[in-house]
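For reference, the chains in residue letters:
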Amino acid sequence: MKYVSLTALALLCILAVPLAADAGSAQGKVTAAYQAWDKAFNSGDAKQLAPFYTEDAVFLPSTHDVLKGPAGVEKFFTALFANGVTGHKLELIEVVGDDDDDDVIAAAKWSAQGKDASGKPATFSGIATHVFEKQPDGSLKLKLQTFN
């Protein structure tokens, strides 16, 4: 019986190593950042999104505006939330860079729920590009974001 328990424990440890390694990788950090960003978006409070951006961030939405820093991001999302957009989801496509890089580039599919021009429920989606800047604590903040 002890042999089975030790074998099971050893197998669990072996399987957990790649998961732990991935959590510290650039891909793991981007995935975590996307999950946290979606959670903040889905709160409907633009003030919760602003801290995800560096002070010198450039935000390029599909409106063709050029917005700067957390204040510009907050202003954009305040208007978006006022129009009833909810249910945001980012799905990672690709990460360029590794944990040793100061900047990491990522591409994602995005989707959100809202209303069309006639007021009927609609799903919106597109592609987003993100440039993350690694922070002193190892976390990532958005330095550049564009989407269509």
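Residues numbered from 1 in each chain as written. Predicted model: local features only at pLDDT ≥ 70, side-chain atom pairs only at ≥ 80, totals over all residues. Heavy atoms only, no water.

Draft legend 1. Just the packing of aromatic side chains, in detail. One pass over the full model with this rule turns up 13 aromatic pairs. Centre to centre, the rings of Phe76 and Phe147 are 6.2 Å apart; their planes meet at 70°, and the pair counts as edge-to-face. With a gap of 71 residues between them, Phe76 in helix α3 (residues 69-82) and Phe147 in strand β6 (residues 140-147) connect regions that are remote in the sequence. In terms of burial, Phe76 and Phe147 fall into one category: buried. The interplanar angle of 80° and the centroid separation of 5.8 Å between the aromatic rings of Trp110 and Phe147 together place this pair among those described as edge-to-face. Of this pair, Trp110 sits in strand β4 (residues 103-115) while Phe147 sits in strand β6, placing them 37 residues apart in sequence. Take Trp110 and Phe147: they sit in the same class, and that class is buried. (Phe/Tyr/Trp six-rings, centres within 6.5 Å; stacked < 30°, edge-to-face > 60°. Helix = DSSP H or I, 4+ residues; strand = E, 2+ residues; numbered from the N terminus. Buried < 20%, exposed > 50% of the residue type's maximum accessible area, 1.4 Å probe, protein only.)

Draft legend 2. A look at the side chain of Thr54. Relative to the helices and strands, Thr54 resides in strand β1 (residues 53-60). According to the relative accessible area criterion, Thr54 is buried, its value standing at 5%. Looking at Thr54, its side chain comes within polar contact range of the side chain of Asp56, at 2.8 Å. (Polar contact = N/O pair within 3.5 Å; in protein donor to acceptor, adjacent residues only side chain to side chain.)

Draft legend 3. How the structure looks around the sheet that holds β6. The mixed open sheet is built from six strands, whose spatial order is β2-β1-β6-β5-β4-β3. Looking at which strands have only one partner, the edges of the open sheet turn out to be β2 (67-68) and β3 (86-96). Bridging between β3 and β4 involves eight bridges; their strand directions are antiparallel. Directly across from Val96, in β4, lies its bridge partner Ile105. Those strands touched by helix α2 (residues 26-41) are β1, β3, β4, β5 (121-134) and β6, and its axis lies near 165° from that of β3. The sheet contacts of α3 involve β1, β2 and β6, and relative to β1 the element is tilted by about 45°. (Pairing = 2+ DSSP bridges. Contact = heavy atoms within 4.5 Å. Axes fitted to C-alpha atoms, helices over the stretch in contact; angles between N-to-C directions.)

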